[in-house]
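Below are the chains, spelled out letter by letter.
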Amino acid sequence: MEELAEPARHNDQLEELVSRVRSYNPHADEALIRRAYEYSARMHRGQKRMSGEPYVIHPLNVALIIAQLKLDVPSIVTGLLHDVVEDTSVSLAEIQALFGDEIATLVDGVTKVSKITFQSREEKQAENFRKMIIAMAQDIRVVLIKLADRLHNMRTLDHLAPDRQIEISRETIEIYAPLAHRLGIYWLKSELEDAALRYVDPAGYQMLKAFVAKTRVEREQYIKAVIEILGQRLADSGVKAQVTGRPKHFYSIYAKMQSEGLAFEEIYDVVAFRILVDSVRECYEALGVVHANWKPVPGRFKDYIALPKINMYQSLHTTVIGPRGQRMEVQIRTHEMHRVAEEGIAAHWSYKEGNGHLSQQQTERFAWLRRLIEWQQNVKDPQEFLSTVKEDLFPEEVFVFTPKGDVLDFPRGATIVDFAYRIHSQVGNHLVGARVNGRMVPLRYKLASGDTVEVLTSDKQVPGKDWLNWAATARAKSRIRQWLRAQESQRSIQVATAMLDHELQQLGLSLNQLKREGRLDQAVREFSTRDVDTLLAQVGYGIISAGQLLTKILSPDELKAYRGEKPLQVPTERPAREARKAVGGGVVVSGLGDVMVRFAHCCNPLPGERITGFITRGRGVTIHLVGCPRALETDPQRRIPVVWKDGEESPHPIRLEVLCVDKPGVLAAITKNIAAAGINITSAQVKSTDVNRRSSSLFELNVTSARQLNNLMHSIAAIDGVLKVTRIGQHNGNRSG
């Protein structure tokens, strides 16, 4: 009798459990439930919860939640026994002997899932997820029992230490609430989230609770009034409906406040109304009544009846401007849809088969569960398995692995660039490529869940503006912009220095001399810039002209001399020895240090031809041919002397058009001459016309100098059948330089 004394204390809850099971399953084996309860109470005898209550209260309450989910008797029994193997001396073999194979399998599954611990999201490793979802895939009842276990733990979390409360609550929000949502059990998801919020953000929760309490009376009056109005309008339209209203869950309000940066007073749709009808036709009729009486908010209508969610949730959602000008959300569904929405996967449970498993038809309805089962059967690598699991639990995120096996999460659409900057800013700045699952991929490759990513870097690589088009995360975009701004600023300072030195040269001055004399400090104040470098960068960008700055830093006599002299004629060529430094493409820019050089596509200058430079905003110096129409249109103040560097010839692209008689052998002779000149053909286009039996060939070539090109053109012109050889530019309507 002593063994039965403790179970007797909780007979009321036991009877409530049996009654609840009987209400949806009249043929349930009540004797088995009672026997399981007595066994659990006996095995846990003497054990206490942190609250000081007998431990058996926990499995009993878990069983009550399982009954609320309307699961079968083996699930109820597992709820009563789920901790005996882990927390007592009972073995799984003893459970199997006393209660059968099915219940032993369920208890074993729940025990394994209970041993899984998640810390931070990045530390949720693949094997843990695999264990949890394999147990779920083998028998979905395991995860439903675990959700019931977690819900009761959240209801009784007060007695744990604060750090454990936060840890368990975060785990609940990140893992178990999304799982409940994925299974379609919305009441369970909402309660888990609300309970977890109390510990994750106690101040936010209490503030929200106070605001809700403060407006409770007014809100209840509003709900009552709207229900009456809605009910009357629907009845007047011949729609038989049940109308209910309720405040939204704390966590949904909290999440909206956090995501949109709103205060509670700015959240208008804190109340949701539900209309339940008998048929799908009446759902749309009720929607018509709602929209006919209140103005709908654009973009807030969702038809989940025509397009159900993946967990089979169906409903019409709309937000309207209701009475008193307040936004209100209205959900419209049939009674059957409501049952599915509230019970989720449990609404499709089959008792006729007698084993509590989903029928094939029901399994088909939950395609994502079927995919998990197939994956866990076919995939041996736990990290590979994780990709499918997380993709289903967190559909807006992708989870990838570092070479060390760490898991990193990214928004869907993230690329290799995002991955590199997530590792470190310097890794991102010097990214040259990546291997994904062992194969090379471009930087714009979009990450997929389960990818293992190894990035490759080089000190010579730097970010380009096109990287901004490939980055999806704010972190990566911010780092790229930061680097580009720094580099553009540096180049602009160099450009400004060259411009100002060129202007000051006629006065026998230099910018460094004026800096040493402190003359630029006054200009910094005049133009309200942060420092001298910022001032010079603005000159380089073209925000402040060189002339404007000189009027601030020159003395009256110097300024008079500067304005009184005629502008110096810019020489088209200067000896290489007068230049400070050679730069890219074999070009020497007078007065500049290491600055980027680009060649204008409008004229494609070649070594040996007379050239001029044009200072561009943040893009270094653009090289044009002297006399190029585009160059003549540029601002004279931004032109700068440039020459080809002696003894350095690098390939430059040019386009050559050859008009010839359309007869055999001519094209072969042309290409033979090009090859004999040691020139590479990058592309060729040949067009024949019926007019005068002529053909036109357009060649794109890489030549090293004007001399090489002239020799080639003369040799092609000498070929029998060639009528004309012309070098052409790339005029496309865009300004060069």
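Peer 1: Before we go on, may I ask you to explain the overall build of the protein chain in this structure?
Peer 2: Counting its secondary structure elements, the protein chain contains 32 helices and 22 strands. Among the 737 residues that make up the protein chain, the fraction classed as buried is 48%. Nonlocal contacts in the protein chain, meaning residues at least 24 apart in sequence, comprise 65% of its contacts between residues at least 6 apart. Summed over its atoms, the accessible surface of the protein chain is roughly 35800 Å², and 49% of this surface lies on carbon and sulfur atoms.

Peer 1: I keep staring at the packing of helix 2 (residues 11-24) against helix 4 (residues 57-68) and nothing clicks. Help me out?
Peer 2: The geometry of a pair of packed helices is captured by two quantities: the angle between their axes and the separation between those axes. Between helix 2 and helix 4, the shortest axis-to-axis distance is 9 Å and the interhelical angle comes to 20°. Judged by the angle between their axes, helix 2 and helix 4 are roughly parallel. Judged by the twist between their axes, the crossing of helix 2 over helix 4 is left-handed. The segment helix 2 lies against helix 4, with Gln 13, Leu 14, Glu 16, Leu 17, Arg 20, Val 21 and Tyr 24 engaging Leu 60, Asn 61, Ala 63, Leu 64, Ile 66, Ala 67 and Gln 68.

Peer 1: What is the right way to look at the packing of aromatic side chains in this model?
Peer 2: Both the distance between ring centres and the angle between the ring planes are used here to describe each pair of aromatic rings. On inspection of all chains with the given rule, the structure shows four aromatic pairs. Taken together, a centroid distance of 5.6 Å and an interplanar angle of 70° make the contact between Tyr 39 and Phe 99 edge-to-face. Of this pair, Tyr 39 sits in helix 3 (residues 30-43) while Phe 99 sits in helix 7 (residues 92-99), placing them 60 residues apart in sequence. There is no split in this pair, since Tyr 39 and Phe 99 are both buried.

Peer 1: Before we go on, may I ask you to explain the nonpolar core in this structure?
Peer 2: Buried together is how nonpolar side chains tend to be arranged in soluble globular proteins. Core analysis: the biggest nonpolar cluster contains 70 residues, and Leu 17, Leu 81 and Ile 95 have the highest contact counts within it. In terms of residue count, the dominant contributor to this core is helix 10 (residues 140-155) (nine residues). Discounting chain neighbours no more than four positions away, the residues touching Leu 81 are Ala 36, Tyr 39, Ser 40, Ile 95, Phe 99, Ile 103 and Val 107. The next biggest cluster of nonpolar side chains, apart from the first, holds 39 residues, and it includes Ala 537, Ala 546, Leu 550 and Val 642.

Peer 1: Can you walk me through helix 4 in this structure?
Peer 2: An ideal rise of 1.5 Å per residue puts 16 Å on 12 residues; helix 4 measures up with 17 Å between its terminal C-alpha atoms. Among the 12 residues that make up helix 4, 11 are buried, leaving the element largely enclosed by the rest of the structure. For helix 4, the complete set of buried residues consists of Ile 57, His 58, Pro 59, Leu 60, Asn 61, Val 62, Ala 63, Leu 64, Ile 65, Ile 66 and Ala 67. Taken together, the buried residues of helix 4 touch helix 2, helix 3, helix 5 (73-81), helix 10 and helix 12 (186-200).

Peer 1: Looking at this model, I keep getting lost on the sheet that holds strand 14 (residues 597-599). Mind explaining?
Peer 2: The strands making up a sheet associate through hydrogen bonds between their backbones, and the pairing can be parallel or antiparallel. Across the sheet, four strands lie side by side as 14-16-15-17; this open sheet has mixed pairing. Of all the strands in the sheet, the pair left with one neighbour each is strand 14 and strand 17 (639-640). Relative to strand 16 (residues 621-625), strand 14 is paired through three bridges, and the arrangement is parallel. Along strand 16, the bridge assignment pairs Val 597 with Val 621.

Peer 1: I would appreciate a short explanation of the environment of Arg 20 in the present structure.
Peer 2: Secondary-structure assignment places Arg 20 in helix 2. You can call Arg 20 partly exposed: its relative accessible area is 27%. Here the alpha-carbon distance between Arg 20 and Lys 70, two residues 50 residues apart in the chain, equals 8.5 Å.

Peer 1: Would you mind going over the sheet that holds strand 9 (residues 431-436) with me for this structure?
Peer 2: Pairing within the open sheet is antiparallel, and its three strands lie in the order 10-9-11. Across the chains shown, the open sheet's two edge strands, defined by having one partner strand only, are strand 10 (439-441) and strand 11 (453-457). Each strand of the sheet is rotated relative to its neighbour by a mean of 35°, with strand direction disregarded. Inspection of the sheet shows strand 9 paired to strand 10 by three bridges, in the antiparallel sense. Bridge pairing in strand 10 links Arg 435 to Met 440.

Peer 1: Could you clarify how one ought to interpret the packing of helix 31 (residues 666-676) against helix 32 (residues 706-717) in this entry?
Peer 2: Contact geometry for helix 31 and helix 32: axes closest at 10 Å, N-to-C directions at 155°. The angle between helix 31 and helix 32 places the two elements in the roughly antiparallel class. By crossing handedness, the relation of helix 31 to helix 32 is classed as right-handed. Residues Ile 670, Asn 673 and Ile 674 of helix 31 lie in contact with helix 32, whose contacting residues are Leu 712, Ser 715 and Ile 716.

Peer 1: Any chance you could explain helix 3 here in plain terms?
Peer 2: Given 3.6 residues per helical turn, the α-helix brings residues three or four places apart onto the same face. The terminal C-alpha atoms of helix 3 lie 20 Å apart, and with 14 residues this matches the ideal 20 Å at 1.5 Å per residue to within 8%. Of the residues making up helix 3, those classed as buried are Leu 32, Ile 33, Ala 36, Tyr 37, Tyr 39, Ser 40 and Ala 41. Capping of helix 3 at its N-terminal end is provided by Asp 29; its side-chain oxygen lies 3.3 Å from the backbone amide nitrogen of Ala 31.

Peer 1: Would you mind showing me how to read the environment of Ser 449 here?
Peer 2: Tracing the backbone shows Ser 449 in the loop between strand 10 and strand 11. As for Ser 449 and Arg 412, which are separated by 37 residues in sequence, their C-alpha atoms are 9.2 Å apart.

Peer 1: What am I meant to see in the state of the cysteines here?
Peer 2: Formally, a disulfide is one covalent bond, and it connects the sulfur atom of one cysteine to the sulfur atom of another. Per the stated rule, a full pass over the model turns up zero disulfides. Between Cys 603, a cysteine without a disulfide, and Cys 628, which holds the nearest cysteine sulfur, the sulfur-to-sulfur distance is 3.9 Å. On the basis of relative accessible area, Cys 603 is assigned to the buried category, the value being 11%. The closest cysteine sulfur to the non-disulfide-bonded Cys 628 is located on Cys 602, 3.6 Å from its own sulfur.

Peer 1: Any chance you could explain the pattern of salt bridges here in plain terms?
Peer 2: Two side chains bearing opposite charge may form a pair once their charged atoms approach each other closely. With the rule as written, the count across this model stands at 18 salt bridges. A salt bridge links Asp 158 to Arg 198, with the shortest nitrogen-to-oxygen separation between them at 3.3 Å. On the criterion of sequence distance, the pair formed by Asp 158 in the loop between helix 10 and helix 11 (162-182) and Arg 198 in helix 12 is long-range, its members being 40 residues apart. By relative accessible area, Arg 198 is classed as partly exposed at 32%. Notably, a salt bridge pairs Arg 727 with Glu 609, separated by 2.5 Å at the nearest N-O pair. Taken together, the residues span a long stretch of sequence, with Arg 727 in strand 22 (residues 722-728) and Glu 609 in the loop between strand 14 and strand 15 (611-615) at a distance of 118 residues. Arg 727 gets classed as partly exposed once you look at its relative accessible area, which sits at 24%. Taken together, the shared-partner salt bridges connect Asp 72, Glu 102 and Arg 141 into one network.

Peer 1: Any chance you could explain the environment of Ile 103 here in plain terms?
Peer 2: Along the chain, the position of Ile 103 falls in helix 8 (residues 101-114). Between the C-alpha atoms of Ile 103 and Thr 78, which are 25 residues apart in sequence, the distance is 6.1 Å. For Ile 103, the residues in contact, after removing those within four places along its chain, are Leu 32, Pro 74, Val 77, Thr 78, Leu 81 and Ile 95.

Peer 1: Whenever I open this one, the pairing of strand 9 confuses me. Can you help?
Peer 2: Side chains on a regular strand alternate between the two faces of the sheet. Note that strand 9 and strand 11 share five bridges and pair antiparallel. Residue pairing across strands places Arg 435 opposite Glu 454, the latter belonging to strand 11. Between strand 9 and strand 10, which pair antiparallel and follow one another directly, the connecting turn spans two residues, one of which, Asn 437, has a positive phi of 55°.

Peer 1: Teacher, can you tell me more about the side chain of Lys 189 here?
Peer 2: Examined against the element boundaries, Lys 189 turns out to sit in helix 12. Judged by relative accessible area, which is 19%, Lys 189 ranks as buried. Leaving out residues up to four positions away in the same chain, Lys 189 has contacts with Ala 177, Ala 180 and His 181.

Rules and cut-offs
- Residues numbered from 1 in each chain as written.
- Predicted model: local features only at pLDDT ≥ 70, side-chain atom pairs only at ≥ 80, totals over all residues.
- Heavy atoms only, no water.
- Helix = DSSP H or I, 4+ residues; strand = E, 2+ residues; numbered from the N terminus.
- Buried < 20%, exposed > 50% of the residue type's maximum accessible area, 1.4 Å probe, protein only.
- Contact = heavy atoms within 4.5 Å.
- Areas by Shrake-Rupley, 256 points an atom, 1.4 Å probe, with all protein chains shown as cover.
- Axes fitted to C-alpha atoms, helices over the stretch in contact; angles between N-to-C directions.
- Parallel < 35°, antiparallel > 145°, perpendicular 65-115°, else oblique.
- Left-handed = near helix turned anticlockwise from the far one by under 90°.
- Phe/Tyr/Trp six-rings, centres within 6.5 Å; stacked < 30°, edge-to-face > 60°.
- Core = buried A, V, L, I, M, F, W, Y, C linked by side-chain atoms within 4.5 Å.
- Expected span 1.5 Å × (residues − 1).
- Pairing = 2+ DSSP bridges.
- Polar contact = N/O pair within 3.5 Å; in protein donor to acceptor, adjacent residues only side chain to side chain.
- Disulfide = S-S within 2.5 Å.
- Salt bridge = Lys/Arg side-chain N within 4 Å of Asp/Glu carboxyl O.

All quantities given are derived from atomic positions and should not be read as evidence of function.
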